[in-house]
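Okay, here's what each chain looks like letter by letter:
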Amino acid sequence: ERLGEQERIAAKAETLAARARLDALRARVNPHFLFNALHSVGSLVRDDPAAAERAVERLGDLLRHALDDRREALEPLESEWEFTRAYLDLERLRFGDRLRVETELDDGALGHPVPPLSLQPIVENVVRHAVERTARPVLIRIVARRIGDAVEIRVTDDGPGAPHLTPSGEGGFGLASVRERMSAAYGPAARVDVE
């Protein structure tokens, strides 16, 4: 009985430690997200005040979601996708037809738990390194499919590429943060690859 109780205590401590790591990562992600979102809104103020006003409203929705302290350490991918879609709506105000998005999201994948702010930073990375760097339209494709007990999420684009990114994702806070969040949630079973 004592051994069983010690195992339960150890498991609870491990869960609490993982939750604390995720909360600490979230605290670092929120200011980064806010800075980038404000930059997007700011770029509209002079050129299109009406779009800037809509962007501020959309940004308010995004911030309510990002800063919600009641959120769990993991949430369904569907919730993360809704947040990411709202972010893309904000960026469409800035880029118009230059930002195109296609999705293929399996129903089985949408219910899978993921850390909050795990998909949006990857998509934001594509916007910053693909859409912002070219005048031509860029297609972002987001695919999520269930593979056994796991989910594979792919975000691809047909933009000019980001040569400074390495396969380990070094070179940017967003990808490093996603890698840390996934590792804290799933341990060695998590993988974040950059190609």
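Residues numbered from 1 in each chain as written. Predicted model: local features only at pLDDT ≥ 70, side-chain atom pairs only at ≥ 80, totals over all residues. Heavy atoms only, no water.

Peer 1: How do you make sense of the sheet that holds strand 5 (residues 150-157) when you look at a structure like this?
Peer 2: Pairing within the open sheet is mixed, and its three strands lie in the order 2-4-5. The two strands at the open ends of the sheet, each matched to only one other strand, are strand 2 (99-105) and strand 5. Direction aside, neighbouring strands of the sheet carry axes that sit 10° apart on average. Bridging between strand 4 (residues 138-147) and strand 5 involves eight bridges; their strand directions are antiparallel. Residue pairing in the sheet places Val143 in a bridge with Arg154 of strand 5. Relative to the sheet, helix 3 (residues 77-95) contacts strand 2, strand 4 and strand 5, its axis offset from that of strand 2 by approximately 165°. In the packing of helix 5 (residues 120-131) onto the sheet, the strands contacted are strand 2, strand 4 and strand 5, and the crossing angle to strand 4 comes to about 155°. (Pairing = 2+ DSSP bridges. Helix = DSSP H or I, 4+ residues; strand = E, 2+ residues; numbered from the N terminus. Axes fitted to C-alpha atoms, helices over the stretch in contact; angles between N-to-C directions. Contact = heavy atoms within 4.5 Å.)

Peer 1: Mind showing me how you'd approach helix 3 here?
Peer 2: Given 3.6 residues per turn, any residue in an α-helix points the same way as the ones three and four places further on. Here helix 3 contains 19 residues, and its C-alpha end-to-end distance of 26 Å stays within 8% of the 27 Å for a straight helix at 1.5 Å per residue. Looking only at helix 3, the buried set comprises Leu77, Glu80, Trp81, Phe83, Thr84, Ala86, Tyr87, Leu88, Leu90, Glu91, Arg94 and Phe95. Just downstream of helix 3, Gly96 is the residue with a positive phi angle, here 60°. (Expected span 1.5 Å × (residues − 1). Buried < 20%, exposed > 50% of the residue type's maximum accessible area, 1.4 Å probe, protein only.)

Peer 1: Is there a simple way to explain helix 6 (residues 173-186) in this structure?
Peer 2: The terminal C-alpha atoms of helix 6, which comprises 14 residues, lie 20 Å apart, in line with the 20 Å expected from a rise of 1.5 Å per residue. Residues of helix 6 that are buried include every one of Gly174, Leu175, Ser177, Val178, Arg181, Met182 and Ala184, and no others.

Peer 1: Before we go on, may I ask you to explain the side chain of Ser118 in this structure?
Peer 2: Within the secondary structure layout, Ser118 lies in the loop between strand 3 (113-114) and helix 5. Judged by its relative accessible area of 4%, Ser118 is buried. Ignoring sequence-local partners within four residues, the contact set of Ser118 consists of Glu80, Val178 and Met182.

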